[in-house]
Amino acid sequence: MDLPRADEALLRDLFDRHAAALLRYLLPLTDGDRGRAEDLVQETLLRAWRHPEVLARHGPIRPWLYTVARNLAVDAHRARASRPHEVSDAALATMPDPTADLDRTVLGWAIADVLAALRPEHRQVLVETYFRAHTVAEAAAILKIPPGTVKSRTYYALRAFRLLCEERGLLP
């Protein structure tokens, strides 16, 4: 943007006289973010330059600059608050890969579906012996059946489980 010499001199004079004071005023309003405060100082001085009627007043201009700067800071804060919080790419690196566990999750659903298709007594025996890792004696005590029954039900439950898995294409 090419400014005429007079406008450039006016803007430079505005900056020299008021920029430091505006920056000190805006730093607390931007939570100490110097970059945002500097951007607001520039915007404030640009607005003053665009409104020559304010500059032509015979009174002090700094109160008007402070009002503009404060309004700009409030507007910027509201704009940031209305948007979702921004995160850096570093936060994404800590997230697990969603595709890595997808196959495992789908397999878990398929196994749950196969277990649901088993007869209740077969499902109970498999849950106690394989998923809860109980011994035959512990499973027998929990299910209140003899250990021999746990063994035979486990045998037939595994056969039925394998057959259902093959039917659903979970096993080669």
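Residues numbered from 1 in each chain as written. Predicted model: local features only at pLDDT ≥ 70, side-chain atom pairs only at ≥ 80, totals over all residues. Heavy atoms only, no water.

Chemist: Lay out the pattern of salt bridges with the relevant residues and their values.
Modeler: Within this structure, the stated rule accounts for eight salt bridges. Among the ionic pairs, Arg36 bridges to Asp33, the shortest N-O distance being 3.0 Å. With a relative accessible area of 31%, Asp33 lands in the partly exposed category. The salt bridge partner of Arg132 is Glu128, with a shortest N-O separation of 2.6 Å. (Salt bridge = Lys/Arg side-chain N within 4 Å of Asp/Glu carboxyl O. Buried < 20%, exposed > 50% of the residue type's maximum accessible area, 1.4 Å probe, protein only.)

Chemist: Outline the packing of helix H7 (residues 120–131) against helix H8 (residues 136–143), supporting the account with residue identities and numerical values.
Modeler: Interaxial distance between H7 and H8 falls to 9 Å at its minimum, and their mutual angle equals 135°. Classified by the angle their axes make, H7 and H8 are oblique. Considering how the two elements wind past one another, H7 and H8 form a crossing that is right-handed. Contacts between H7 and H8 involve Gln124, Val125, Glu128 and Thr129 from the former and Ala139, Ile142 and Leu143 from the latter. Of the residues that constitute the contact of H7 with H8, the class distribution is four nonpolar, two polar and one charged. (Axes fitted to C-alpha atoms, helices over the stretch in contact; angles between N-to-C directions. Helix = DSSP H or I, 4+ residues; strand = E, 2+ residues; numbered from the N terminus. Parallel < 35°, antiparallel > 145°, perpendicular 65-115°, else oblique. Left-handed = near helix turned anticlockwise from the far one by under 90°. Contact = heavy atoms within 4.5 Å. Nonpolar A, V, L, I, M, F, W, Y, C, P; charged D, E, K, R; others polar.)

Chemist: Please give an account of helix H9 (residues 147–167) that cites residues and values.
Modeler: For H9, built from 21 residues, the straight-helix expectation of 30 Å at 1.5 Å per residue is met to within 8% by its first-to-last C-alpha distance of 30 Å. Among the residues of H9, those classed as buried are Val150, Thr154, Ala157, Phe161, Leu164 and Cys165. Looking straight down H9, one finds that the buried residues subtend no more than 100° of arc, so they occupy a single side. Turned more than 90 degrees from where H9 packs its buried face, Lys151 and Glu167 sit exposed. Each element contacted by the buried residues of H9 is listed here: helix H6 (102–117), H7 and H8. Looking one or two residues past H9, Gly169 carries a phi angle of roughly 75°, positive in sign. (Expected span 1.5 Å × (residues − 1). Arc of directions from axis to C-beta.)

Chemist: Let's hear about the confidence of the model for the chain: which residues, and what values?
Modeler: Looking at the chain, pLDDT values average 85 and 88% of them are 70 or higher. Mean pLDDT per element in the chain: helix H5 (residues 89–93) is the minimum at 68, and H8 is the maximum at 94. (pLDDT = per-residue confidence, 0-100.)

Chemist: Got a sec to walk through the packing of aromatic side chains? Specific residues and values, please.
Modeler: Per the stated rule, a full pass over the model turns up two aromatic pairs. Pairing Tyr155 with Tyr156 gives two aromatic rings, centres 5.0 Å apart and planes at 80°, and the pair type is edge-to-face. (Phe/Tyr/Trp six-rings, centres within 6.5 Å; stacked < 30°, edge-to-face > 60°.)

Chemist: Residue-level account of the nonpolar core, with values.
Modeler: Formed by 17 residues in total, the largest nonpolar core has its most connected members in Leu22, Leu26, Val41, Leu45 and Leu65. Going through the elements one at a time, helix H1 (5–29), helix H2 (34–50) and helix H4 (62–82) are the ones with two or more residues in this core. In contact with Leu26, other than residues within four places in its own chain, are Ala37, Leu40, Val41, Ala69 and Ala73. Listed in part, the eight residues of the second largest apolar core include Leu115, Leu118, Leu126 and Phe161. (Core = buried A, V, L, I, M, F, W, Y, C linked by side-chain atoms within 4.5 Å.)

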